[in-house]
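In case you want the letters, here they are:
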Amino acid sequence: MSADTSAAAFCADLVRTHDFDRYASTLFVPADKRRPLLALYAFNSEVSRVRDQVKQALPGEIRLQWWTDALAGAGHGDVEQNPVAAELLLAVRSFDLPVDRLVKLIDAHVFDLYNDPMPDLAVLESHFRDTSGTLFVCAARILGDRSEAVDHVAEHAGLAQGVAHITARLPYDAARSQLYLPHDMLTQNGGSEVEFYAGKLTPAIRATLDQLIKGAQEQLAVANGMLADVAEPARAAFLPLALVKYDLGQMAAASFDPFELYLRARLRTLWTLWRAS
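Numbers given for residues are sequential positions, taken from 1 along each chain in its written order. Local features in this predicted model are restricted to residues of pLDDT 70 or higher, and side-chain atom pairs are both shown and tallied only at a pLDDT of 80 or more, whereas totals for entire chains, interfaces and linings draw on every residue. Side-chain calculation: all heavy atoms of the structure are included, whereas hydrogens and water are not.

Enquirer: Help me understand the overall build of the chain in this model?
Expert: Each helix is a run of DSSP H or I of at least 4 residues and each strand a run of E of at least 2, with the numbering of both proceeding from the N terminus. Looking only at helices and strands, the chain has 15 helices and 0 strands in total. A compact globule built from 277 residues would reach a C-alpha radius of gyration of about 19 Å, and the chain, at 18 Å, matches this within 12%. We call two residues in contact whenever any of their non-hydrogen atoms come within 4.5 Å of each other. Intrachain contacts of the chain at a sequence separation of at least 6 include 72% that bridge at least 24 residues. The positive count covers Lys and Arg only, the negative count covers Asp and Glu only, and His and the chain ends enter neither. A charged residue contributes its charge at one atom only: NZ of Lys, CZ of Arg, CG of Asp or CD of Glu. Of the side chains in the chain, 26 bear a positive and 35 a negative charge, and the two mean positions are spaced by 6 Å. Both definitions apply: the radius of gyration is a C-alpha atom measure, and the globule rule equals 2.2 Å times residues to the power 0.38.

Enquirer: Explain empty space enclosed by the protein here, please?
Expert: The method is simple in principle: a probe with the dimensions of a water molecule rolls over the atoms, and the space it marks as empty is what remains. In the cavity and pocket records, a cavity denotes points on a 1 Å grid over the protein atoms alone where a 1.4 Å probe fits but cannot get out, a pocket denotes an open set with protein on both sides within 12 Å along at least 5 of 7 lines, and lining residues are residues with an atom within 4 Å of a point. Grid points are joined across faces, edges and corners, and a volume is the space filled by probe spheres set on the points. Evaluated as defined, the whole model comprises 2 cavities of 30 Å³ or more. The volume enclosed by the largest cavity comes to roughly 40 Å³. Gly is put with the polar residues, along with every residue not named as nonpolar or charged; the nonpolar set is Ala, Val, Leu, Ile, Met, Phe, Trp, Tyr, Cys and Pro, and the charged set is Asp, Glu, Lys and Arg. Class assignment of the residues belonging to the lining of the largest cavity gives a composition of 5 nonpolar, 1 polar and 1 charged. Of the pockets and cavities examined, the second largest cavity occupies roughly 30 Å³. Partitioning the lining of the second largest cavity into residue classes produces 5 nonpolar, 1 polar and 1 charged.

Enquirer: Help me understand helix H13 (residues 203–226), please; the structure alone is not making it clear to me.
Expert: Helical periodicity: at 3.6 residues per turn, an α-helix aligns residues three or four positions apart in one direction. Multiplying 1.5 Å by the helix residue count minus one yields the expected span of that helix. The terminal C-alpha atoms of H13 lie 35 Å apart, and with 24 residues this matches the ideal 34 Å at 1.5 Å per residue to within 8%. Using a 1.4 Å probe on the protein chains alone, a residue whose accessible area is under 20% of its type maximum counts as buried, one over 50% counts as exposed, and one in between counts as partly exposed. Taken together, the buried positions of H13 are occupied by Ala204, Ile205, Arg206, Thr208, Leu209, Leu212, Ile213, Ala216, Leu220 and Ala223. Buried residues along H13 sit against helix H8 (121–142), helix H9 (148–168), helix H10 (170–175), helix H11 (183–188), helix H12 (193–197) and helix H14 (240–251).

Enquirer: I keep staring at the packing of aromatic side chains and nothing clicks. Help me out?
Expert: How two aromatic rings sit relative to each other is given by the distance of their centres and the angle of their planes. For Phe, Tyr and Trp, where Trp contributes only its six-membered ring, two rings pair if their centres lie within 6.5 Å, and the inter-plane angle classes them as stacked under 30 degrees, edge-to-face over 60, or tilted in between. Using the criterion set out here, one finds 8 aromatic pairs in the structure. Look at Phe20 and Tyr23: their rings are 6.1 Å apart centre to centre, the planes differ by 35 degrees, and that puts the pair in the tilted class. Taken together, the residues Phe20 and Tyr23, both in helix H2 (residues 20–25) and 3 residues apart, mark about one turn of the helix. Neither Phe20 nor Tyr23 differs from the other in exposure class; each is buried. Both rings, one in Phe196 and one in Phe259, keep their centres 5.8 Å apart while their planes meet at 55 degrees; by these two values the pair is tilted. With Phe196 in helix H12 and Phe259 in the loop between H14 and helix H15 (266–276), this pair connects stretches of sequence that are 63 residues apart. Note on accessibility: Phe196 and Phe259 belong to one class, buried. The rings of Phe43, Trp66 and Trp67 are connected pair by pair, giving a single aromatic cluster.

Enquirer: So what exactly am I meant to see when it comes to the layout of surface pockets here?
Expert: In this structure, the largest pocket occupies an estimated 1200 Å³ of space. Looking at the largest pocket, it is lined by 39 residues, and the ones nearest its centre are His18, Asp19, Asp21, His165 and Arg169. Residues belonging to the lining of the largest pocket are distributed by class as follows: 14 nonpolar, 12 polar and 13 charged. By volume, the second largest pocket is sized at about 320 Å³.

Enquirer: How should I be thinking about the environment of Leu124 in this particular structure?
Expert: Tracing the backbone through its elements, the reader meets Leu124 in helix H8. The class of Leu124 is buried, set by a relative accessible area of 1%. Through-space distance from the C-alpha of Leu124 to that of Val15 is 25 Å; in sequence the pair is 109 residues apart.

Here it is in structure tokens:
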């Protein structure tokens, strides 16, 4: 890694502000691996927040394409002047991160820019593999394991984390008419996107969430059961799964209202990660 610390500090601040869970997880890895992890997570934060920063889809697609071009070495202007891009490209070179997977992560977020409902569970799972799953794979590679075992754990971990994420964000997505719950599951349970956008918990929405959360808990159990196959130093890449376990437990409770803002205290976050580390 280079000696320039200003871009690294920018990434750290960005992740601490917009993705505290992943920021906190880097506190439990060797100091020399924090910087590339924060570069990876800062990149993810930039890409995943594009929908929140644009009013129309086209400017969002242009922003996402900028990141694709930057990874391909075809960026317009001086890509290295962007602190997140500079740090990401340094991490890619230093740890041979899979550019094809990072590009898939970018492409997956094109879906965010439009108001088409998530059609079915298979597409949703593909979305999670390309987003959360990719981050787990890259983090484990930074921490020293690039084996097939990591790929298998990351797939299951990504599915579990993805469900927890869309459930936590459900009030935001409903307010902007964005449906990540599989549309076919919702309709099979007797619901519709119209009632989802209204922001009221109905039996159909509850049933759909219960199915997703149960499935996510099963995926989490599989991921945790496979962690022994991952090189010990790289297991820290999967520390966020401790938070996923806690969140899914809260979300599975009958008293949980997904249309109320779900906030986990930062102290709870740090304590949970510390216990799992």
